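Chains, contacts and geometry: an overview
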Amino acid sequence: MVYATRLTRAVHREREAFMSSQPILSVRNLTVVFSIRGRKFTAVDKLSFDIERGETLGIVGESGSGKSVSCNALLGLLPQPAAKISGGQAWFEGSNLLELREKALRKIRGKRISMVFQDPMTSMNPYIRIGDQVVEPLLLHSHSSVAEAKDRAIELLEQVGIHDAARRFDQYPHEFSGGMRQRAMIAMALITAPDILIADEPTSALDVTVQSQILELLKTMQEQHGVSLILVSHDLGVVRRVTDKLVVMDRGVAVEQGETRQVFAAPAHSYTQKLLDAIPHTAKPEAHRFLRKGAPVCLRAKGIKVTFSIKHRPFTAVDNVSFQVRRGEVLGIVGESGSGKTTLSQAILRLVSMDAGEVLLEDVWIHRLRGAALKRQRKKVQMVFQDPYASLNPRMTVHDIIAEPIRLHRLAEGVRAVTAKVIRLMQDVGLSPEWANKYPHEFSGGQCQRVAIARAIAVEPLLLIADEPVSALDVTIQAQVLNLLLELVRRKGLSMIFISHDLAVVRYMADRVAVMKDGRMIESGETETVYARPKERYTRELVSLEMIAE
Amino acid sequence: MSKIILARILQGIPVLLIVVTATFFLVRAAPGGPFDAERSLPAEVVKNLEKRYNLDAPVLDQYVDYLGNLVRGDFGPSFRYPNRSVTELIATGVPITFELAFYAAVIALLIGVASGVIASVRPNSLQDYLPMSLAMTGICLPAFLLGPMLVLIFGIWLEWLPVSGWGYSPGDKILPSVTLGSAYAAYIARLTRAGMLEVLLQDFIRTARAKGLSMPGVVFRHALRGGLAPVVAFSGPAVAGLLTGSFVVETIFQIPGLGRFYVQAAFNRDYTMIMGTTILLSCLIVMLNIVADIFAVWMNPRLRQAK
Amino acid sequence: MQKLTAPENMTDSLKSLEHIEFEGGRSLWNDAWIRLKRNRLAMFGFWVMLFLVSISLITPWLAPYGYEIQDLELGASGPSLAHWLGTDTLGRDLLTRLMYGGRVSLLVGFAATAVSLVVGVLWGIVAGYTGGSVDAVMMRIVDILYALPFMIFVILLMVVFGQSFLLLFLAIGLVEWLTMARIVRGQVQALRRQDFVSAAIVTGLSSGQIMRRHILPNIMGPVIVYITLTIPAVMLFEAFLSFLGLGVQPPQSSWGVLIATGVETMEEYPWLLIFPGLALSITLFALNFLGDGLRDALDPRSASGAGGIYE
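Thresholds applied
Residues numbered from 1 in each chain as written. Chains lettered and ligands numbered in written order. Predicted model: local features only at pLDDT ≥ 70, side-chain atom pairs only at ≥ 80, totals over all residues. Heavy atoms only, no water. Helix = DSSP H or I, 4+ residues; strand = E, 2+ residues; numbered from the N terminus. Buried < 20%, exposed > 50% of the residue type's maximum accessible area, 1.4 Å probe, protein only. Contact = heavy atoms within 4.5 Å. Areas by Shrake-Rupley, 256 points an atom, 1.4 Å probe, with all protein chains shown as cover. Buried area = accessible area lost by both parts, 1.4 Å probe. Salt bridge = Lys/Arg side-chain N within 4 Å of Asp/Glu carboxyl O. Nonpolar A, V, L, I, M, F, W, Y, C, P; charged D, E, K, R; others polar. Axes fitted to C-alpha atoms, helices over the stretch in contact; angles between N-to-C directions. Parallel < 35°, antiparallel > 145°, perpendicular 65-115°, else oblique. Domains from an automatic or database assignment. Polar contact = N/O pair within 3.5 Å; in protein donor to acceptor, adjacent residues only side chain to side chain.

1. Notes on the overall build of chain C
- Check the secondary structure of chain C and you find 12 helices and 0 strands.
- Ordered by position from N to C terminus, the α and β elements of chain C give α-α-α-α-α-α-α-α-α-α-α-α.
- Scored against the burial criterion, the 311 residues of chain C give a buried share of 52%.
- Across chain C, the fraction of contacts at a sequence separation of at least 24, relative to all contacts at a separation of at least 6, is 71%.
- Accessible area of chain C: about 14000 Å², with a carbon and sulfur share of 64%.

2. A closer look at the interface of chain B and chain C
- Tallying the contact residues gives 56 residues for chain B and 44 residues for chain C.
- When chain B packs against chain C, close to 4400 Å² is buried across both sides, 76% of that on carbon and sulfur atoms.
- Contact with chain C buries area across many residues of chain B, yet Leu26(B), Cys140(B) and Phe144(B) alone supply 14% of it, more than any other trio.
- At the boundary of chain B with chain C, the tally comes to 1 salt bridge.
- We note a salt bridge from Arg190(B) to Asp292(C), for which the minimum N-O separation is 2.8 Å.
- Per element, the largest residue contribution to the side of chain B that touches chain C is 8 residues, and it comes from helix H1 (residues 2-28) of chain B.
- Its residues assigned to classes, the side of chain B that touches chain C comprises 40 nonpolar, 10 polar and 6 charged.

3. A closer look at the environment of Gly446(A)
Residues and elements named next belong to chain A.
- By secondary structure assignment, the location of Gly-446 is in helix H16 (residues 445-458).
- Gly-446 gets classed as buried once you look at its relative accessible area, which sits at 9%.
- A C-alpha to C-alpha distance of 7.2 Å links Gly-446 and Val-481, two positions 35 residues apart in sequence.
- Apart from residues no more than four positions distant in its own chain, Gly-446 is found in contact with Leu-473, Ile-477 and Val-481.

4. Focus: the packing of helix H2 (residues 28-38) of chain C against helix H3 (residues 40-57) of chain C
All names here are of chain C.
- The contact between H2 and H3 brings their axes to 5 Å, and the two run at 95 degrees. Taken as axis vectors, H2 and H3 run roughly perpendicular relative to one another. Contacts between H2 and H3 involve Trp-33, Leu-36, Lys-37 and Arg-38 from the former and Arg-40, Ala-42 and Met-43 from the latter.
- Of the residues assigned to the contact of H2 with H3, the class counts are 4 nonpolar, no polar and 3 charged.

5. Focus on the domain arrangement of chain A
All names here are of chain A.
- Entries for chain A in the domain assignment read domain 1 (24-120 + 195-278) and domain 2 (286-293 + 328-350 + 366-549).
- Between domain 1 and domain 2, the C-alpha centre-to-centre distance is 34 Å.
- Contacts between the two partners involve 11 residues from domain 1 and, on the opposite side, 12 residues from domain 2.
- Buried surface at the junction of domain 1 and domain 2, summed over both partners, amounts to about 1200 Å²; 58% is from carbon and sulfur atoms.
- When the buried area of domain 1 at its contact with domain 2 is split by residue, Glu-62, Val-208 and Thr-209 rank highest and sum to 41% of it.
- If you look at where domain 1 meets domain 2, you find 0 salt bridges.
- At the junction of domain 1 with domain 2, the criterion picks out 3 residue pairs in polar contact (both at pLDDT 80 or more).
- Breaking the side of domain 1 that touches domain 2 down by element, the ones donating at least two residues are helix H8 (208-225), helix H9 (236-242) and helix H11 (270-278).

6. Observations regarding the interface of chain B and chain A
- Contact residues are listed per partner, giving 21 residues for chain B and 29 residues for chain A.
- Where chain B abuts chain A, roughly 2400 Å² becomes buried across the two surfaces, and 53% of that area is made up of carbon and sulfur atoms.
- A per-residue breakdown of the area chain B buries against chain A is headed by Arg206(B), Arg209(B) and Lys211(B), which together make up 27% of the total.
- Where chain B meets chain A, there are 2 salt bridges.
- The partner of Lys211(B) in a salt bridge is Glu136(A), and the shortest N-O contact between them spans 2.7 Å.
- Along the contact surface separating chain B from chain A lie 12 residue pairs in polar contact (both at pLDDT 80 or more).

7. Thoughts on the pattern of salt bridges
All names here are of chain A.
- Counted according to the given criterion, the structure contains 32 salt bridges over all chains.
- For Lys-492, the salt bridge goes to Asp-428, with nearest N and O atoms at 3.4 Å. Taken together, the residues Lys-492 in helix H17 (residues 475-492) and Asp-428 in helix H15 (residues 415-428) connect sequence positions 64 residues apart.
- On the basis of relative accessibility, which here comes to 37%, the residue Lys-492 falls in the partly exposed class.
- Judged by its relative accessible area of 5%, Asp-428 is buried.
- Put simply, Arg-53, Glu-93, Arg-112 and Asp-195 are held in one network by salt bridges that share partners.

Structure (structure tokens):
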């Protein structure tokens, strides 16, 4: 008996040694072509990579780089009939995945190779209990009974950190938070003990603190279950923390691949370098430092409180917040989603009504103004929003969008003068004036954000409020827009309130920083001081997470 | 859930009251009395008639009386058939109309959902175009056109099926049911297709496919429940449509149901009969709307658990 | 980081205006029109409707006979050179009667839709933009009216107050506005949350200006689609009433009336049923195709344009 066990172990070890000598998945020249309305473009161009058993491979790139498409292609999950695999092989256990018939592929999907998707809110079926969704792959691919499957699922749910799993088994997705759902998704993907787990942006839809937990979990699970992990992400920090190997993709092409450590240490390709440079992990550049202690106060807010009623229950979004912004200063406001930072900015702009509080803009109390008096003060504070497409009226030309505030406040008289001013503003924000008659949908996200900035500065405001102005943009574009904002602030002597969930970005932008949590402003001070010596526990947590990401 | 149901039922009460009140005063406001159409009757006779039908009392009293009678299920006597009460007349028509509407609904649901699902699985293919062209034809061939055509083809030219009646000869229920159900089959097919296409684009469908589920598995286990939501929402208006549609179908096929009574009463200006059928049909529609709403809530776990 | 050009002075900018060659932009309307033109069924619907409306406008000058001219000796006759679509039992020319009937059917369709458009859009915009308790009250009214079985009430109205033409489309219009109000209100609410409306408020625009410049142009799409789908629904309802003898009354005629009389004699003179039936069906087809096409064209994301998940 003992001998037999020893023997099987030996055989097992030998087999494992043999298996590990060749990659579990080997992709060669994968090419995917999309044809949309008669136009063709190559989404993935001759992508090749190998992944060994138990290894973690990262695929990094911006939106549209083809990183998700290539993963979906492996399992035959591409949208039909728009996408077509036009070449290449993907060898998995002696068969080419790309040529398998749907029926054979189904035996691999969810059993040998499983997936975790980006948005846990939409990736689970809202009509089916969590538990039933988790056991589904096991029931489908094995002969285990419902009771066995349920036991296994509960065990696994506990493993991924869902406490009281037996009870939560019968709950529906809407009763789970985003992070919890992503945990359940991971349990669902692991329940059949697959060989490969593909995680497609598994943390991008989550809050920073939750992101880090899920990433940690993925790594532990990968080690515990010995699966190979393919991690797709746009976030270099995420990939750097978890992966052994790395593929960098740009417009469908793998521009660089290699050991993660090596790529980060010495990027060979210029695009990788650009990606690494894109996110400013440094303090504000010296050229833009212009905090003057004695500068007059531009905006002073005192005791702001905003409550909403959600389903007839009062909910305090902003609770007794006070702060001030000096002229020429950039105040950064940091916080996770739901911390009340956006509501605070809307209250200052009078887009939502305050329950309590006072706002002094230069020498005018603006919180009680109405009608024409309010309209006069309006132009002193302008805003740049997160989603550049949503913030521009899709039925107006860029010219009309920028001209609207100019006409309204009579900043130029006559058609030609207005157009001349529009053109000057377009040049100011780095847009070619020839595009004045185009519509927002004809522009990229970054260009639209420039239009929005031009509209905001058209009325020559004193204060600019930028609410997550770059989080909807690709990383390489982000830096351009951030620099444009800093440049404008300096040249025009504006003050700015810069709101973001991203500590690195705020550090790059702000002279002073304020941290918000659950509607309260829990800490504020000069940027470098707060980052170097955070007082509150929450701030410390945020800052340390940021450190790991770097 | 129970709170939502209660709220829906409570909302239905004022609606029913509005229906009854509006009907009553609308009919009372009609220019000319109910007996004006007759060849001029002696004033004495008119007075007697009015007394008999309680028309000489103040309008408000009449209204209160009528409400009181309604609660007891009494719609009053018929103006046209003095010896029979409206309640009796309606009672003979209701089962027939219900049976007709039921068959039509079954036909509409079976054909509509099946063809909508089939079309949605492979959009913009023959499998989509064929059922959807049929559905478009169903929408553009209203019952009053389709009915006579079916009669002409299957009743008169081919002589396969009887051209009129209800329950007198075998097969005489087929043509009316098909005529009434076809337009709704068409609507349901289009709604099902649209709903399914919407759901099939959702992320959780990709999750289901990534688990290795087959196409029928994805469609029936994961997509159908969400995809049928528009159909469930449509079921209230559809019931109303089936009941009003019975006016035409019962007229074409000479079926002694509620719809035919209503149309006849409308021609004969039999006011109590009009009021009775209007109120009854309206109440049915309002109540079935509430049932449909509750069903829609029950289908959605998020709403079902709402406190 | 892009190099920023230093601010030029005003005259420079004015001068440079002459030298700028503006590139043509494509508005969303342009895009939609291009998509619509690619949809052959929708364009078929568009041309059919254009044809029918123009015929209706000049019917009195175009019709071969007067619509009440009888030829009792001839009686019902099949299609011939003198009477292209034949004559009815009183010897009246069917083509003429179809043309005049079409005028009535189309008029009811358009007029009732116009009533619903005006009431519905106003109601929806006010409710959606004002929000709060005003919105709650206005939409509760719509909800209650929605629960009323209106079709039956319209019939009752027609019975009680006689079959007046004006009443007919007023009544139908007053039924259809409910859906219009709901659609518009939903759109306005969604738009109000959009950042470009917030941006307009921050700029200092008044509610009226925002409504006109930012909200209205953006709800036109769904409204147009709903109009194209309401017209056939109204025409169908008119035909339904007329078929029952509760709608348009002789000597006026509509397609519903013609179908009703056609049914009575369909065994002997089937063309009296077939031609009016064809006229109504083709019109309904045309309008529905156009409506579907417009929906796909105006909302590129709409389901029917999307690809499937299975090959």
